[in-house]
Amino acid sequence: MESKKEFFLECYKLGIIKFGRFTLKSGIESPFYVDLRPLASDPKILKNLANYLLDMLPLDNFDLICGVPYAALPMATAMSLESYIPLIIKRKEAKNYGTKKLIEGIYQKGQNCLLVEDVITSGKSLIETIAEVEQEDIKVADIVVVLDREQGGKELLESRGYRVHTLFNISEVCSILWENGELSDDEVKRIQDFLQGNHIQFEEITRASYEQKLSTAQHSVSKKLLETALAKQSNLIASADVTTTQGLLDLAEKVGPHVIALKTHIDIISDFEYEKTITPLKALAAKHNFLLMEDRKFADIGNTQELQFTSGVFKITDWADFVTSQVIGGFESLDCFKNVGVVAIIGMSSKGALTTSAYREEALKIAASHPNVIGGVSQNPLPEEMLLFTPGVNLADSGDGKGQQYNTPEHVFKTLHTDFIIVGRGIYKAENPAEAAMLYKNEGWKAYLNSLEKKLTQS
């Protein structure tokens, strides 16, 4: 394979970069315009490009490859053919018929995906693509880019914890072309001046602290959760997926000192009796200062939900501080939860879930406007005034053997801007649940404090 410089000059002959005066999508006038789509029309160059990109990467890190629509799709395809790493295809918009999928291909929950992009400017298209890929519970850590325009997108993504590998940047390209007599000194100076004056500006922002959220919280349960978090220096909610009353009470006693809430599935308790199950559970909650979260995931019309909430053997209204509910029944279906807080299910991470981007958008409108809703379960950040609850956190997932961390407290606080972590098997299946709960409490609090540090965002 020829040198990198020679390879670029071969690509340049296809007209991938033009110099002059061009108005970009943003409205800015640029002295150069990049269009790498012609590369797909030359099979030899496309093959060589794929190998140059693959040579920069630790290929053992990836289970999948995905190109950002549309220019990077042939590049990602060529990389897949050269590396034998399976390809998935991300649509720009989900189909409005058939399966309505946004991601096409064969993949499994938890797999690592390499994103491929042709040109990076602001990083906006990559950020959008990452969110949509991760919505399918596919993990993204690395991005490979053919050309960096050096206007701040790479820095933005790296500030969010992603590794960005670039084959060329515009300064390097200009140097090659100048040395080859394709650009004059004046043209190079004009490009340098443009880059200095049109670097995307970043402002430093600080994540809202629990104290700040407490000062603006409207719902009594939101206030109690935040007060408890501050008092116990914990953001841990333990999931009690046990099937007997004794198992529930034993777990509550062990983890109680370390959690701000215990999440129950009360209908799986095989020997449930209100006086023997709920009365002592409430006493333990008072003793250890934690709230009770019933993960009922209500999903019916308002009248039926009210009966499920207030009646039957469980009488959830009498003891739960907050509950989970789908919003598929609409705004009024949430009216029945008058004396508790509601955590709305905005998005689900399970493969094949029908919580499409269109659904999530509508669900969020309902949740954000309903006075009973205190927050949501979502795979994406929520508006600042809503509390974000993130399940599936597990320290055992701190390393996948491929150099990347996922679903740890550090990851969900930094990337999702979560407020509270929900831990299940990592605690209730631990040999010593009390020690495990203390470990998760400490790790969760440390991750929260780290997330308060200033971070870059595009202004």
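Residues numbered from 1 in each chain as written. Predicted model: local features only at pLDDT ≥ 70, side-chain atom pairs only at ≥ 80, totals over all residues. Heavy atoms only, no water.

The cut-off we apply is this: UniProt positions are given in the numbering used here, feature names are shortened, and annotations may be inferred rather than shown by experiment.
In the annotation of an unreviewed UniProt entry, the entry for the chain reads Orotate phosphoribosyltransferase, and the organism field reads Chryseobacterium nepalense. What UniProt records for the chain under Subunit (unreviewed entry) is the sentence "Homodimer." What UniProt records for the chain under Cofactor (unreviewed entry) is the sentence "Mg(2+)".

Observations concerning the confidence of the model for the chain
Counted only if it meets this: Each residue carries a pLDDT value, the predictor's own confidence for that position, ranging from 0 to 100. Working definition: helices are DSSP H or I runs of at least four residues, strands are E runs of at least two. Numbering for both runs from the N terminus.
Scored by pLDDT, the chain comes out at a mean of 89, with 92% of its residues at no less than 70. No element of the chain has a lower mean pLDDT than strand β18 (residues 455–458), at 47, and none a higher one than strand β11 (residues 261–264), at 98.

Some words on the sheet that holds strand β17 (residues 420–423)
The condition is simple: Two strands pair if DSSP finds at least two bridges between them. Axis geometry follows a simple rule: fit a line to the C-alpha atoms, using only the stretch in contact for helices, then measure angles between N-to-C directions, giving values from 0 to 180 degrees. Two residues form a contact once any of their heavy atoms are found within 4.5 Å.
Ordered in space as β10-β11-β12-β13-β14-β15-β16-β17, the eight strands form a closed barrel in which the pairing is parallel. Going from strand to strand, the sheet's axes swing by 25° on average, the running direction of each strand aside. Direction of pairing for strand β13 (residues 322–325) relative to strand β14 (residues 341–345): parallel, over a ladder of four bridges. Within β14, the residue paired with V323 across the bridge is V342. Here helix α12 (residues 302–310) sits on the sheet and contacts β12 (291–298) and β13; the angle it forms with β12, its principal contact strand, is near 145°.

Structural notes on the packing of aromatic side chains
Heads up, the rule is: Stacked, tilted and edge-to-face pairs are distinguished by plane angle, under 30 degrees for stacked and over 60 for edge-to-face with tilted covering the rest, among Phe, Tyr and Trp rings (Trp via its six-membered ring) whose centres lie within 6.5 Å.
On inspection of all chains with the given rule, the structure shows 16 aromatic pairs. Here F22 and Y33 contribute two aromatic rings whose centre-to-centre distance is 5.8 Å and whose plane-to-plane angle is 35°, an arrangement assigned as tilted. Placement of the pair is F22 in strand β1 (residues 17–23) and Y33 in strand β2 (residues 29–34), with a sequence separation of 11 residues. Taken together, the ring pairs connect Y210, F322, F389, F413, F420, W445 and Y448 into an aromatic cluster.

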